[in-house]
Amino acid sequence: MGTRDTKSKEYLADNARFADLCNYKLYDGEQVIKPEDLQERDSTELFSIFGVVEEEIQVQKWRDLLRAAVIKSTSNAFYVLLGVENQTDVHYAMPVRSMLYDALNYGKQVNEAKKRHENKHDKMSSTEFLSGFRKMDKLTPIIPITLYWGTDMWDAPTHLHEMFGDIDEKLLPFIPNYHVNLVAPSLIDNFDKFKTELGQTLEFIKYSNDTKHFKEMLSNLKNKKLTNETISTINLFTGSNIKIEEEGEVTDVCLAIEEIKKEAAEEAVAEMCLAIEEIKKEAAEEAVAEMCLAIEEIKKEAVAKEFIENVENIMDNFHISLEDACRGLKHTVEEYNHAKEFLKSIE
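All values reported here derive from a predicted model rather than from experimental measurement.

Draft legend 1. Expanded view of the pattern of salt bridges. Tallied over the entire structure, the rule returns 8 salt bridges. With a shortest N-O distance of 2.9 Å, Arg63 and Asp102 are connected by a salt bridge. Placement of the pair is Arg63 in the loop between β3 (56–62) and β4 (65–73) and Asp102 in helix α3 (residues 94–120), with a sequence separation of 39 residues. With a shortest N-O distance of 2.9 Å, Glu85 and Arg97 are connected by a salt bridge.

Here is the structure:
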């Protein structure tokens, strides 16, 4: 299991945050599910299948978190199982994965009922004996929630029908569908519906790539304290470096912000120094290049003057034409004219 997978599981293992997540998704933030009403359950989904062969076949999967909950609504109380699957990356087969977890749990419940009846030697009708599940037996409902910890949009299917290709729409009503109860930071509009630091953690994840909004969030948290566990979770999933106070279990966010500002200022100064050094380097390189060009110009001027003087001296001393003088020096009249024009252009 990777670092992020482990961290997300540990962070949601806290009953207050677990209940907060469930209340947000199931009751729009209303505090119906209480942390004290949650009981941890074995999240291993193990189901034994007895087929046509004599050997027992076992299917085993590990759900991240599973809690039994007594949900009190009006004058009634309901017993359910709440399962949370943390996703640090998008999973394009999530409806099938979630459906498998639930199917295994329901299968396990049926097997447990069968074993309970066998141990008690309960009388069963022939039809009840076939499944080991009596007519009066009831299953405990499972409510699965998928929490996505990524900064990107969730672009995977959220129900089984989305995973099919072309199909006659008249057939869809006859194909059982399965929905993913997804919670993703990018889809949350009102983080105030969360009552624990889970909301602030998810909000930081949502805006981790929005520098302006991220800084505003930090400013809004001035004079507030966050648990070190929350800050380490935020740092891990957003790539931030909010300083954690080593002593105690909470960190003063205001002090952390000042530390970030100080580091930002130091980084700005360092970047400025690098920029100045780069400018100096570029200026020196440009000066050298200009000097080299100037030297080349001087060389060209000297060569041109020498060439012209040689041609004219030969013409005067031997009383020959320009063409013959140039030919004697293995040059052309055009080259002589170009040399004259070059010297004229730099006067």
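Draft legend 2. Expanded view of the environment of Phe129. Mapping Phe129 onto the fold places it in helix α4 (residues 126–131). Overall, the relative accessible area of 63% leaves Phe129 in the exposed class. Between the alpha carbons of Phe129 and His117 there is a distance of 9.8 Å; along the sequence they are 12 residues apart.

Draft legend 3. Looking closely at a negative patch on the surface. On the surface, a cluster of negative charge is made up of Glu278, Glu282, Glu285, Glu286 and Glu290. Checked against the element boundaries, Glu285 lands in helix α8 (residues 253–318).

Draft legend 4. Expanded view of the packing of helix α1 (residues 3–12) against helix α7 (residues 228–238). In contact at an axis separation of 11 Å, α1 and α7 are set at 150 degrees when each is read in the N-to-C sense. Relative to α7, α1 is oriented roughly antiparallel. Handedness of the α1/α7 crossing: left-handed. Mapping the contact onto sequence places Thr3, Arg4, Lys7, Ser8, Glu10 and Tyr11 in α1 and Glu229, Thr230, Ser232, Thr233, Leu236 and Phe237 in α7.

Draft legend 5. Spotlight on the packing of aromatic side chains. Summed over the entire model, instances satisfying the criterion amount to 5 aromatic pairs. Ring geometry for Phe307 and Tyr336: centres 6.3 Å apart, planes at 70 degrees, overall edge-to-face. Taken together, the residues Phe307 in helix α8 and Tyr336 in helix α10 (residues 333–345) connect sequence positions 29 residues apart. Each member of the pair, Phe307 as well as Tyr336, is classed as buried. An aromatic cluster is present here, built from Tyr11, Trp149 and Phe237 joined pairwise through their rings. In this arrangement the basic side chain of Arg17 is found over the ring face of Tyr11, its NZ or CZ atom lying 3.9 Å from the centre.

Draft legend 6. Summary view of the pairing of strand β5 (residues 76–87). Pairing analysis gives 9 bridges linking β4 to β5, with the strands arranged antiparallel. The residue of β5 that forms the bridge with Ala68 is Leu81. The pairing of β5 with strand β6 (residues 142–148) spans 7 bridges and is parallel. Counterpart to Val84 in the pairing with β6 is Ile145.

Draft legend 7. Region of the structure containing unusual backbone geometry. The phi dihedral of Asp28 falls on the positive side, at around 55 degrees, and the residue is not glycine. Assignment of secondary structure puts Asp28 in the loop between α2 (15–27) and β1 (38–40). Non-glycine residue His121 carries a positive phi angle of around 55 degrees. With respect to the element layout, His121 can be found in the loop between α3 and α4. The exposure class of His121 is exposed, given its relative accessible area of 68%.

Draft legend 8. Looking closely at the packing of helix α5 (residues 197–206) against α7. Relative to each other, α5 and α7 sit at 20 degrees, their axes nearing to 9 Å. The pairing of α5 with α7 is recorded here as roughly parallel in orientation. Crossing of α5 over α7 shows right-handed handedness. Two secondary-structure elements touch here, α5 through Glu197, Thr201, Phe204 and Ile205 and α7 through Thr230, Thr233, Ile234, Phe237 and Thr238.

Draft legend 9. Highlighting the nonpolar core. Ranked by size, the top nonpolar core spans 36 residues in total, and within it Leu12, Leu21, Leu82, Trp149, Leu198 and Leu202 carry the most contacts. Of all the elements in the fold, those that place two or more residues in this core are α1, α2, β4, β5, β6, α5, α6 (211–220) and α7. At 5 residues, the largest contribution of residues to this core is made by α2. Sequence-distant contacts of Leu202, that is, excluding residues within four places in its chain, are made with Leu147, Pro185, Ile188, Phe191 and Phe194. Judged by nonpolar contacts, the second largest core, of 10 residues, contains Cys326, Ala339, Phe342 and Leu343.

Draft legend 10. Spatial organisation of the pairing of β6. By the criterion of burial, β6 is predominantly enclosed, with 6 of the 7 residues buried. As judged from the 2 bridges shared by β6 and strand β7 (residues 182–183), these two strands associate in the parallel manner. Note on β7: the bridge partner recorded for Leu147 is Val183.

Scoring rules and cut-offs
- Here the residue numbering is sequential within each chain, running from 1 through the sequence in written order.
- Restriction of local features to residues with pLDDT of at least 70 applies here, the model being predicted, together with a cutoff of 80 or more for giving and counting side-chain atom pairs; totals for whole chains, interfaces and linings are based on all residues.
- No hydrogens and no water enter the side-chain calculation; it runs on all heavy atoms of the structure.
- By convention in these notes, a salt bridge is any Lys or Arg side-chain nitrogen within 4 Å of a carboxyl oxygen on Asp or Glu.
- Elements are defined by DSSP. Helices are runs of H or I of four residues or more, strands are runs of E of two residues or more, and each kind is numbered from the N terminus.
- Relative accessibility under 20% of the residue-type maximum defines a buried residue, over 50% an exposed one, and the middle range a partly exposed one, all with a 1.4 Å probe and only protein chains included.
- Surface patches are drawn from residues lacking salt bridges whose relative accessible area is over 30%; two like charges belong together within 9 Å, two nonpolar side chains (Val, Leu, Ile, Met, Phe, Trp, Tyr) within 5 Å.
- Only the protein chains shown count as cover for residues, and all accessible areas are computed by the Shrake-Rupley method using a 1.4 Å probe.
- Positive charges are assigned to Lys and Arg, negative charges to Asp and Glu, while His and the chain termini are left out of the count.
- The atom standing in for a charge is NZ when the residue is Lys, CZ when it is Arg, CG when it is Asp and CD when it is Glu.
- Between the N-to-C directions of two axes lies an angle of 0 to 180 degrees, each axis being a line fitted to C-alpha atoms and, for a helix, fitted only over the stretch in contact.
- When an angle is under 35 degrees it counts as roughly parallel; over 145 it counts as roughly antiparallel; between 65 and 115 it counts as roughly perpendicular; any other value is oblique.
- Working rule for handedness: look at the near helix, and if it is turned counterclockwise from the far one by less than a right angle, call the crossing left-handed; if clockwise, right-handed.
- Any two residues whose heavy atoms approach within 4.5 Å at even a single point are treated as in contact.
- Only the six-membered ring of Trp is used, alongside the rings of Phe and Tyr, when aromatic pairs are assigned; centres must lie within 6.5 Å, and planes under 30 degrees apart are stacked while those over 60 apart are edge-to-face, with the rest tilted.
- For a lysine, the NZ atom is tested; for an arginine, the CZ atom; a charge sits over a ring if that atom is within 6 Å of the ring centre and within 35 degrees of the ring normal.
- Here, any two strands with at least 2 DSSP bridges between them count as paired.
- Side-chain atoms within 4.5 Å are what join buried Ala, Val, Leu, Ile, Met, Phe, Trp, Tyr and Cys residues into a set we call a nonpolar core.

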